[in-house]
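Chain residues, written in single-letter form:
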Amino acid sequence: MTVVEQASLTKFDERDCPKWPQARADYYRQVGYWQGITLGEVLKKQAQQLPHHEALIIGQDRWTYQVFDQKVDQLVRGFHQLGIQDRDVVVVQLPNINEFFAVCFALFRLGAIPVMALPAHRRIEIRYFCQFTQAKAYIIADKYFGFDYCQLAREIKAEVALLKHVIVIGDSQEFTALSDLYLEPEKNDILAVLTRPNPSHTALLQVSGGTTGMPKFIPRTHDDYLYSVKVSTEVCALSSHSIYLCSLPVAHNFSLSSPGTLGVFYVGGKVVLTKDTSPETAFSLIEQEQVTIAALVPPTTLLWLDAAKNTAYDLSSLQVLQVGGAKFSAEAAKQVKPVLGCQLQQVFGMAEGLVNYTLLTDSEDICIHTQGKPMSPADEIRVVDEEDNPVLPGEVGQLQTRGPYTICGYYKAPQHNAKAFTADGFYCTGDEVKLTESGYLMVVGRIKDQINRGGEKIAAEEVENQLLAHPAVHDVALVAMPDEILGEASCAFVICHPDQPIKAMVLKRFLRERGLAGYKIPDRIEFVNTFPKTAVGKVNKKALRNCLIKTAINY
Ligand code: OOB
């Protein structure tokens, strides 16, 4: 037996998640920001109050709140029987299907912690998630857009000895079928003796877009996440009549909590899911289900704007279109109302916490030109220069923030936390912003070494490390390049070892075969002999980016 096999799982420990200082936590409770309720209880309440209201729809699969809640309870029994308990971590990688929510709420009720993986993640990411968090289980759908997740699970299972269960929706092959875990109550029903999770404990782990070698995990508590969800529902005027179209990946913080699907459940509204992001599918669902609100990233919004100009579908039920995740150009923003006939709401948020919205009552000018303002009066923000000193009003600087739903540190990352958070607990967002006189933020750039590919975040260092693993690669720098649709795409500048020329295609294939998520594979690769350097001898990425803008080579 190897050492790894002998090792046993250690449970998730809240001490690995930096917490709000006592005085702030007391204050947030005292004024009622943190309500001391759990995510699982929110659903239970709706099932009692609105049992026959539809909660979740995908295709023919329509769940009322009662059905939804029953399925969650059944899964609680099934997961429990499998040995999934309070403080166990479970990597959840599911597409937009109703079961995602049954799974997550069952885990919430058990006090187990889902890691919100995206369908696009591949071997490198999933292996890391499982290893780092010591996950007990990995939950997948058998196939999605032609990708075989059972095969991925097989590879992960072979490499991660501590991973006990793979649970599959669909054809489960040698693994556990989720459908076998919907259990009816027996004599000694576990639900009667289940310990209530502590609302101040971690409910879920979001995955950060990251700036360093590997993604970081963002521990969100029931208290802080529900506060963020609640305020979002107020700002976005959600009610039990709201019908929310979710075409963004369900696990992403935007579509989950801003106000997202959890916001809809919070008020007893209806979620319409779609796996397909095409305007055609979205428009037909808007007409058919009388959708009132949808959330998109800028590239999809551009597709919608194009398609809406000659669509036969009736989009008149749509009242609000939220756009966020990446900078939305003012030119496109101007078109939303005339073309789609609904109100634009810009959303500038981050999985670490802070969410900024333009308000539904704001002037057109604010909705088009700004990325909104912090949604809570308890959000503290400051705009600082390189020495962390506040800039003059209206000047550009880095945005720092703290508040009742912004984390105080990543999970098990003390060294990184020392850099990403200030001594007085502000999160350094890495975003360059300008604060307007009326308190709205305009995102003007970024100091973090990240590429925002149409809302999908790529940590430059992570991809650089993967490329450096190729024997022909001597050095590499990944930078953002302008892209008409995505806003930004990625370009890798590569210096090869002398006498080891290599083709771009070969490098891309190398990354894919290593198991890197598709959106992280560089859109373009340029071979160079040297890198421009800064005065202190670092690679001058700004110069590299500028040379891309100037040369505008087709890729
Ligand atoms: C959302 O969350 P993440 O964690 O994927 O990414 C956060 C980062 C921000 O720090 C910023 O760099 C960028 O994404 N970003 C925007 C933006 N919204 C996010 N940059 C410019 N304009 C915007 N409107 O992306 C997220 C989380 C919750 C709600 C909405 C988006």
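For clarity, every value in this text was computed on a predicted model and none was experimentally measured.

(A) Representation of the overall build of the protein chain in the model. Scanning the protein chain from N- to C-terminus turns up 19 helices and 27 strands. Here the C-alpha atoms of the protein chain give a radius of gyration of 23 Å, agreeing with the 24 Å that 2.2 N^0.38 yields for 555 residues. With the C-alpha coordinates of the protein chain rotated into their principal frame, the extents come out at 70 × 65 × 55 Å. The buried share of the protein chain, taken over its 555 residues, is 58%. Working note: accessible area of the protein chain is about 23100 Å², and carbon and sulfur atoms make up 51% of it. For the protein chain, the separation between the mean place of its 54 positive charges and that of its 62 negative charges on side chains is 3 Å.

(B) Inspection of the UniProt feature "domain: AMP-dependent synthetase/ligase" (unreviewed entry) in the protein chain at higher detail. Under the local residue numbering, the UniProt record ascribes the feature "domain: AMP-dependent synthetase/ligase" (unreviewed entry) to residues 44–411. Between the end C-alpha atoms of residues 44–411 there is a gap of 29 Å, over a span that is 35% helix and 24% strand.

(C) Representation of the packing of helix H9 (residues 222–235) against helix H11 (residues 260–267). The geometry of H9 relative to H11 is characterised by a closest axis approach of 9 Å and an angle of 75 degrees between their N-to-C directions. Of the possible angle classes, the one that applies to H9 and H11 is roughly perpendicular. Two secondary-structure elements touch here, H9 through Tyr225, Leu226, Val229, Lys230 and Thr233 and H11 through Leu262, Gly263, Tyr266 and Val267. Within the contact of H9 with H11, the residues separate by chemical class into six nonpolar, two polar and one charged.

(D) Seen up close, the sheet that holds strand E26 (residues 487–496). Spatial strand order, E25-E26-E27: three strands in an open sheet with mixed pairing. With one partner strand each, in any of the chains shown, strand E25 (473–483) and strand E27 (524–527) form the two edges of the open sheet. The mean inter-strand angle of the sheet, taken between neighbouring strand axes irrespective of direction, is 25 degrees. Note that E25 and E26 share 10 bridges and pair antiparallel. Paired with Val473 across the bridge in E26 is Cys496.

(E) Layout of the site of the ligand. Around the ligand, the structure places 19 residues, and the nearest of them are Val347, Ala351, Asp431, Lys448 and Lys457. At a separation of 3.4 Å, a nitrogen atom of the ligand approaches a polar backbone atom of Ala326. If the ligand stood free it would expose 600 Å²; the protein chains cover 96% of that surface. No other element matches strand E16 (residues 343–350), which puts four residues into the shell around the ligand. For the shell around the ligand, the class distribution of residues is seven nonpolar, eight polar and four charged.

(F) The nonpolar core, seen in detail. Judged by nonpolar contacts, the single largest core of 95 residues is most densely connected at Phe68, Phe79, Phe100, Phe101, Val103, Phe105 and Phe265. The greatest single-element share of this core, amounting to 10 residues, is contributed by helix H5 (residues 98–110). In contact with Phe265, other than residues within four places in its own chain, are Val42, Gln46, Ala55, Leu56, Tyr65, Phe68, Phe101, Phe105 and Val271. Counting 29 residues, the second-largest nonpolar core is a separate cluster that includes Val89, Val115, Ile156 and Tyr411.

Reading the values: the criteria
Residues numbered from 1 in each chain as written. Predicted model: local features only at pLDDT ≥ 70, side-chain atom pairs only at ≥ 80, totals over all residues. Heavy atoms only, no water. Helix = DSSP H or I, 4+ residues; strand = E, 2+ residues; numbered from the N terminus. Rg over C-alpha atoms; globule rule 2.2 N^0.38 Å. Buried < 20%, exposed > 50% of the residue type's maximum accessible area, 1.4 Å probe, protein only. Areas by Shrake-Rupley, 256 points an atom, 1.4 Å probe, with all protein chains shown as cover. Lys, Arg positive; Asp, Glu negative; His and termini not counted. Charge placed at Lys NZ, Arg CZ, Asp CG, Glu CD. UniProt positions renumbered as here; feature names shortened; annotations may be inferred. Axes fitted to C-alpha atoms, helices over the stretch in contact; angles between N-to-C directions. Parallel < 35°, antiparallel > 145°, perpendicular 65-115°, else oblique. Contact = heavy atoms within 4.5 Å. Nonpolar A, V, L, I, M, F, W, Y, C, P; charged D, E, K, R; others polar. Pairing = 2+ DSSP bridges. Near = heavy atom within 4 Å. Polar contact = N/O pair within 3.5 Å; in protein donor to acceptor, adjacent residues only side chain to side chain. Core = buried A, V, L, I, M, F, W, Y, C linked by side-chain atoms within 4.5 Å.

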